[in-house]
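What follows is each chain in one-letter form.
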Amino acid sequence: MSVEEVVMKDFEQGLKQLSEIAVKALSPGINDPGTAMKAIDFMTLLFIRRMKNEDLNCLLDEEKKVRVIDYTLTLDELMHRYLSPIRTYGKADVQIDLRLLRCLQGLLHQKPDAQRLDVIYTHAAAVVNDADLSLHNKMDRERLNTFLKEMNQLFPGARHLPLLQV
């Protein structure tokens, strides 16, 4: 097992544990959104680090011959597995919605390629959609819209996240 393989497995384990911490913190029995937001912040750092790595599916020996083929989760799959549960449990909390969008905004600042840009957009749109269905307070919706306008400036071309009806 190479050092890179160990790092990738630990990386995925770290995302899983942080996601579980955030979801548990958002549970009605604990109700600690501050802890959930901190977990999202740490996840953001891990996602940024992940974006800097290629999606490799094999390990090479010193002579550059394929020795091990491995399934590495794509950025999209990692985000779906570990951000979606937080989005689901926190969709009615504007602070959690904003923190998830800030996470994705941080990834946009990394100048992603077109494929990763699509992934980020898809996950951001899911946050916006859930927030639209769950947030009923005018002030919360306006606050989210203010952030969406800022975030939309980072998307190239005509692609923009929809604003919430106030």
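1. Here's the deal with the pattern of salt bridges
Next up, step 1: Within this structure, the stated rule accounts for six salt bridges.
Next up, step 2: Notably, a salt bridge pairs Glu77 with Arg81, separated by 2.9 Å at the nearest N-O pair. Taken as a pair, Glu77 and Arg81 lie in helix α3 (residues 75–90) at a separation of four residues, close to a single helical turn.
Next up, step 3: Residues Lys138 and Glu142 are paired through a salt bridge, measuring 3.8 Å at the closest nitrogen-oxygen approach. One end of the pair, Lys138, and the other, Glu142, are both in helix α6 (residues 138–152), four residues apart, so they sit about a helical turn from each other.
Next up, step 4: We classify Lys138 as exposed; its relative accessible area is 53%.

2. Side note on helix α5 (residues 114–134)
Next up, step 1: Compared with the 30 Å implied by 1.5 Å per residue over 21 residues, the 30 Å span of α5 between its first and last C-alpha is a close match.
Next up, step 2: Of the residues making up α5, those classed as buried are Arg116, Leu117, Val119, Ile120, Tyr121, His123, Ala124, Val127, Val128, Asp130, Ala131 and Ser134.
Next up, step 3: Where α5 is buried, its residues contact α2 (33–51), α3, α4 (94–108) and α6.
Next up, step 4: Looking at where α5 begins, the residue whose side-chain oxygen comes 3.3 Å from the main-chain nitrogen of Gln115 is Asp113.

3. A few points about the environment of Arg87
Next up, step 1: Tracing the backbone shows Arg87 in helix α3.
Next up, step 2: On the basis of relative accessible area, Arg87 is assigned to the buried category, the value being 15%.
Next up, step 3: For Arg87 and Leu100, which are 13 residues apart along the polypeptide, the C-alpha to C-alpha distance reads 7.5 Å.

4. Looking at the packing of aromatic side chains
Next up, step 1: Applying the stated criterion across every chain yields a total of one aromatic pair.
Next up, step 2: Aromatic side chains Tyr121 and Phe155 sit 5.3 Å apart centroid to centroid with 85° between the ring planes, which places their arrangement in the edge-to-face category. Separated by 34 residues along the polypeptide, Tyr121 in helix α5 and Phe155 in the segment after α6 bring together distant segments of the chain. The burial state of Tyr121 is the same as that of Phe155; both residues are buried.
Next up, step 3: Across the ring face of Tyr121, the terminal group of Arg159 is positioned such that the distance to the ring centre comes to 4.5 Å.

5. With respect to the packing of α4 against α6
Next up, step 1: Packing of α4 against α6 brings their axes to within 11 Å, and their N-to-C directions diverge by 0°. In terms of axis orientation, α4 runs roughly parallel to α6. For the pair α4 and α6, contact is made by Val94, Asp97, Leu98, Leu101, Arg102, Leu104, Gln105 and Leu108 and by Asp140, Arg143, Leu144, Phe147, Leu148, Glu150 and Met151, respectively.
Next up, step 2: Per-class residue counts for the contact of α4 with α6 are nine nonpolar, one polar and five charged.

6. Things to note about the confidence of the model for the protein
Do not read the fine detail of predicted coordinates wherever pLDDT is low.
Next up, step 1: Looking at the protein, pLDDT values average 89 and 87% of them are 70 or higher.
Next up, step 2: Low pLDDT, under 50, characterises residues 1–7; the stretch is placed with four contacts to residues that sit more than four places away or in other chains.

7. Thoughts on the nonpolar core
Inside soluble globular proteins, nonpolar side chains tend to come together where they are buried.
Next up, step 1: With 47 residues, the main nonpolar core has Phe47, Ile86, Leu101 and Met151 as its most contacted residues.
Next up, step 2: Elements that contribute at least two residues to this core include exactly α1 (3–26), α2, α3, α4, α5 and α6.
Next up, step 3: Top element by residues in this core is α4. It accounts for nine residues.
Next up, step 4: Not counting the four nearest positions on each side in its chain, Phe47 is found in contact with Phe11, Leu15, Leu75, Leu78, Met79, Leu83, Cys103 and Leu107.

Reading the values: rules and limits
- Residues numbered from 1 in each chain as written.
- Predicted model: local features only at pLDDT ≥ 70, side-chain atom pairs only at ≥ 80, totals over all residues.
- Heavy atoms only, no water.
- Salt bridge = Lys/Arg side-chain N within 4 Å of Asp/Glu carboxyl O.
- Helix = DSSP H or I, 4+ residues; strand = E, 2+ residues; numbered from the N terminus.
- Buried < 20%, exposed > 50% of the residue type's maximum accessible area, 1.4 Å probe, protein only.
- Expected span 1.5 Å × (residues − 1).
- Contact = heavy atoms within 4.5 Å.
- Polar contact = N/O pair within 3.5 Å; in protein donor to acceptor, adjacent residues only side chain to side chain.
- Phe/Tyr/Trp six-rings, centres within 6.5 Å; stacked < 30°, edge-to-face > 60°.
- Lys NZ or Arg CZ within 6 Å of the ring centre and 35° of its normal.
- Axes fitted to C-alpha atoms, helices over the stretch in contact; angles between N-to-C directions.
- Parallel < 35°, antiparallel > 145°, perpendicular 65-115°, else oblique.
- Nonpolar A, V, L, I, M, F, W, Y, C, P; charged D, E, K, R; others polar.
- pLDDT = per-residue confidence, 0-100.
- Core = buried A, V, L, I, M, F, W, Y, C linked by side-chain atoms within 4.5 Å.

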